[in-house]
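# Working through the structure, step by step
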Amino acid sequence: MPLAIFIVVVMGLFALVISRTAIQTSTASTQEIVSTQTFYAAESGAQRGMQVLFFPDASFRQQVDTRCVGLNTTYADTVPGLNNCSTVVTCSCTFQDGSSCSPIVAANYTSNAGVNKLTSFYKITSAATCGSGNLRAQRTIEAGSFLKQE
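First things first, this report covers the structure right here in the doc. A quick note: this is a predicted structure, and the numbers were derived from the prediction, not measured. (Residues numbered from 1 in each chain as written. Predicted model: local features only at pLDDT ≥ 70, side-chain atom pairs only at ≥ 80, totals over all residues. Heavy atoms only, no water.)

## Considering unusual backbone geometry
Here Phe 55 and Pro 56 are connected by a cis peptide whose omega angle stands at 15 degrees. The topology assignment puts Pro 56 in the loop between helix H1 (2-54) and helix H2 (61-70). (Helix = DSSP H or I, 4+ residues; strand = E, 2+ residues; numbered from the N terminus.)

This is the structure in structure tokens:
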């Protein structure tokens, strides 16, 4: 009788440990999927930001600077496979001397010495959030580019 009770208790504990391990593995797998989905949502947002910035026309730097300063877009549940995700895309613009492109005025395009500020540097920031509760992930991707007008 004591041996039977001992076996039942040990098997019960063993079953409990296996059950807990299976639940943790399932949760970790789901979290990994949500994390990957969030990474792709942030990457897609950065690519979309670059597309908005430089297309359909990137021949005039001041126009591109204006699009950058005005870029503050949120994409939510717009792409199949990225359901339950939200992505915020912003852009910041600086000149080669470190001064900000914003606000866009003609005086911004020459320095105090009258030399043209030939290069604008752009930083697209894409912050994505997917999932909810304990299964929520956040990822931020920054992509940089520049435009030199001669």
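And the narrative resumes.
## As for the state of the cysteines
Scanning all chains against the criterion turns up two disulfides. With a sulfur-sulfur separation of 1.9 Å, Cys 68 is cross-linked through a disulfide to Cys 91. Note on the Cys 68 and Cys 91 pair: the S-S dihedral is about -95 degrees, so by sign convention the disulfide is left-handed. Highlighted residues: Cys 68 in helix H2 and Cys 91 in strand E2 (residues 85-95), separated in sequence by 23 residues. (Disulfide = S-S within 2.5 Å.)

## Examining the pairing of strand E4 (residues 135-148)
Here 14 bridges tie strand E3 (residues 119-132) to E4, and the two strands are oriented antiparallel to one another. Bridge assignment links Thr 119 to a residue of E4, and that residue is Lys 148. Connecting E3 to the next strand, E4, in antiparallel fashion are two residues, including Gly 133 with a positive phi near 60 degrees. (Pairing = 2+ DSSP bridges.)

## Side note on the side chain of Thr 38
Here Thr 38 shows up in helix H1. A relative accessible area of 0% places Thr 38 in the buried class. Ignoring sequence-local partners within four residues, the contact set of Thr 38 consists of Ala 128, Thr 129, Cys 130, Ala 137, Gln 138 and Arg 139. (Buried < 20%, exposed > 50% of the residue type's maximum accessible area, 1.4 Å probe, protein only. Contact = heavy atoms within 4.5 Å.)

## A word on the pattern of salt bridges
Applying the stated criterion across every chain, the model contains one salt bridge. Between Glu 142 and Lys 123 there is a salt bridge; the shortest N-O distance is 4.0 Å. A residue pair is termed long-range when its members are at least 10 positions apart, and Glu 142 in strand E4 and Lys 123 in strand E3 qualify at 19 residues. (Salt bridge = Lys/Arg side-chain N within 4 Å of Asp/Glu carboxyl O.)

## A few points about H1
Because each turn of an α-helix spans 3.6 residues, side chains separated by three or four positions end up pointing in the same direction. Along its 53 residues, H1 runs 78 Å from first to last C-alpha, staying within 8% of the 78 Å computed at 1.5 Å per residue. Packed against the buried residues of H1 are H2, E2, E3 and E4. (Expected span 1.5 Å × (residues − 1).)

## Things to note about the side chain of Thr 87
On the secondary structure map, Thr 87 appears in strand E2. Residue classification places Thr 87 among the buried residues on the basis of a relative accessible area of 5%. Each residue touching Thr 87, except ones within four places of it in the same chain, is listed here: Ala 41, Ala 42, Gly 45, Thr 73, Thr 74, Tyr 75, Ser 126, Ala 127 and Ala 128.

## Overview of a nonpolar patch on the surface
Together, Leu 3, Phe 6, Ile 7, Val 10, Met 11, Phe 14 and Ile 18 make up an exposed nonpolar region whose accessible area comes to about 720 Å². With respect to the secondary-structure elements, Phe 14 resides in helix H1. Judged by relative accessible area, Phe 14 falls into the exposed class, the value being 52%. (Patch = residues over 30% accessible without salt bridge, like charges linked within 9 Å, V, L, I, M, F, W, Y side chains within 5 Å. Areas by Shrake-Rupley, 256 points an atom, 1.4 Å probe, with all protein chains shown as cover.)

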